[in-house]
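Chain and residue survey
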Amino acid sequence: MMIGVDEALNELVIANRILANENVVDAYGHVSVRHPNKPERFFMAHMLAPPEMVERADLVEFGLDGNAVNDSRTPSIERFIHSAIYEARPEVQAVVHAHAEDSLPFGITDVPLRPVIHSGSFIGSHVPVWDIADNFGDTNLLVSNTAQGRDLARCLGNNNVVLMRGHGFAAGARSLIDVVRLSVYLPRNARVQLAAMRIGKFKPLSDGEIAARSAGYNPYSAQSWRAWQYWATRAGCSHLLGKRPDGDGK
Ligand code: MN
């Protein structure tokens, strides 16, 4: 199912509001979407637009070099997370970077974050950890140029999400609805794993269970759209929801 530019921009506004309302992002952290017709471009809000207040006019078009296209507003420093993931992963249509607190312990210990609840299956069986210090030494931990972005994207590989040591996570998916869903459930999954580890050993989902959860998934199916509507309503922006795009396509 392909959507047009207008729908993509509208979804990006809603995604910003949802991620802020669900405490995935706060004043920092960002979500972007690839241009539906120009795969070498993507859209993301400028730096001074807080996610919970993002409007259509705040969205800026970027190239895969991380430079804005005809826009002089201050871009987010960490736009290179997004540009590098779009460059490395042609099938990825949307990216989230956030600092959700519950994800952080797994970036600074040797315990891997694993999918342990059914709604956490979208993080995938392997969640790599990227340490900016490995190749860049002492930095302010921000991904602030193309070389750092590409290094992060290499560590992400073909996985859905990568943890960033002492900082947060970056996730890519085939639609905004997918990447919002992943980003909302990632901290919850992390909390459950942490709670289980206080009790004892824990059992993650099997590879077969993870595959079964993603089989036939369509972000515009009535079932998936229901969650998007729920989150948008909670975020006070149900008035921005358009009609559900035809759910027949894959
Ligand atoms: Mn950050």
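Here the structure is shown first, and the text comes after it.
Sequence order as written defines the numbering, with residues in each chain counted from 1. Only residues with pLDDT of at least 70 are given local features in this predicted model, and only at 80 or more are side-chain atom pairs given and counted; all residues enter the totals for whole chains, interfaces and linings. To get the side-chain values, take all heavy atoms of the structure and skip hydrogens and water.

**Looking at the overall build of the chain**
Let me state the cut-off plainly: Numbering goes from the N terminus for both helices and strands, where a helix is a DSSP run of H or I of at least four residues and a strand is a run of E of at least two. Contacts: residue pairs with any heavy atoms within 4.5 Å of one another. The positive count covers Lys and Arg only, the negative count covers Asp and Glu only, and His and the chain ends enter neither. Here the site of a charge means NZ on Lys, CZ on Arg, CG on Asp, or CD on Glu.
Tallying secondary structure elements over the chain gives seven helices and seven strands in all. Tracing the chain from N to C terminus, the helices and strands come up as α-β-β-β-α-β-β-α-α-β-β-α-α-α. The principal-axis extent of the C-alpha atoms belonging to the chain is close to 50 × 45 × 30 Å. Within the chain, residue pairs in contact and separated by at least 24 positions form 68% of the contacts whose partners lie at least 6 positions apart. Averaging the locations of the 25 positively and 27 negatively charged side chains of the chain gives two centres separated by 6 Å.

**With respect to the sheet that holds strand S7 (residues 168-173)**
Let me state the cut-off plainly: Two strands pair if DSSP finds at least two bridges between them.
In space, the seven strands of this open sheet follow the order S3-S2-S1-S4-S7-S6-S5, with mixed pairing throughout. If you trace the sheet from one side to the other, it starts and ends with strand S3 (59-63) and strand S5 (129-130), each paired once. Relative to strand S4 (residues 94-98), strand S1 (residues 30-34) runs antiparallel, the two being bridged by four bridges. Residue pairing for S4: His30 is matched across the bridge by His97.

**Quick look at the coordination of the manganese ion**
Ideal values for angles at a metal depend on the geometry: 109.5 degrees with four tetrahedral donors, 90 or 180 degrees with six octahedral donors. Which entries qualify depends on this criterion: The donor set comprises N, O and S atoms within 2.8 Å of the metal, extended to 3.2 Å for Na, K and Ca; water molecules are omitted, so apparent gaps in a site may simply reflect that omission. Each residue is placed in one exposure class: buried if its accessible area under a 1.4 Å probe, protein chains only, is under 20% of its type's maximum, exposed if it is over 50%, and partly exposed if it falls in between.
Only Glu78 (OE), His97 (NE2), His99 (NE2) and His167 (NE2) from the protein reach the manganese ion as donors, at distances of 2.0 to 2.2 Å. On the primary sequence, the residues serving as donors to the manganese ion are separated as E-x18-H-x1-H-x67-H. Of this pair, Glu78 sits in the loop between S3 and helix H2 (79-88) while His97 sits in strand S4; the two residues are 19 residues apart in sequence, bridging distant segments of the chain. Here the two residues Glu78 and His97 agree in accessibility, since each one is buried.

**Details of the layout of surface pockets**
Applicable threshold: Within this scheme a cavity is a closed region of a 1 Å grid, computed over the protein atoms alone, that accommodates a 1.4 Å probe without allowing it to escape, whereas a pocket is open but has protein on both sides within 12 Å along at least five of seven lines; lining residues each have an atom within 4 Å of a point. Grid points are joined across faces, edges and corners, and a volume is the space filled by probe spheres set on the points. Three categories are distinguished: nonpolar for Ala, Val, Leu, Ile, Met, Phe, Trp, Tyr, Cys and Pro, charged for Asp, Glu, Lys and Arg, and polar for the others, with Gly belonging to the last.
By volume, the largest pocket amounts to about 790 Å³. Lining the largest pocket we find 32 residues, and of these Ala173, Arg174, Ser175, Asp178 and Tyr217 sit closest to its centre. Elements supplying a minimum of two residues to the lining of the largest pocket: helix H1 (5-21), S1, S7, helix H5 (176-199) and helix H6 (207-214). Sorting elements by how many residues they give to the lining of the largest pocket places H5 first, with four residues. Here the lining of the largest pocket is built from residues that sort into 15 nonpolar, eight polar and nine charged. Estimated volume of the second largest pocket: approximately 470 Å³. Lining the second largest pocket are 18 residues, with Arg181, Arg213, Gln223, Ser224 and Ala227 sitting closest to its centre. Elements represented by at least two residues in the lining of the second largest pocket include exactly H5 and helix H7 (222-234). By residue number, the principal contributor to the lining of the second largest pocket is H7, which donates six residues. Taken together, the residues of the lining of the second largest pocket sort by class into eight nonpolar, seven polar and three charged.

**A closer look at the pairing of S7**
Working note: regular strand, side chains alternate between the two faces of the sheet. Of all six residues in S7, six are buried, a share of seventy percent or more. By the alternation rule, side chains of S7 split into Gly168, Ala170 and Gly172 and Phe169, Ala171 and Ala173, which are all buried. As paired strands, S4 and S7 are joined by five bridges and run antiparallel to one another. For Ala98, the partnering residue across the bridge sits in S7 and is Phe169. The sheet contact formed by strand S6 (residues 161-164) and S7 spans four bridges and is antiparallel. Within the sheet, the bridge partner assigned to Val161 lies in S7 and is Ala171. Connecting the antiparallel pair S6 and S7 is a turn made up of three residues, with Gly166 showing a positive phi of about 70°.

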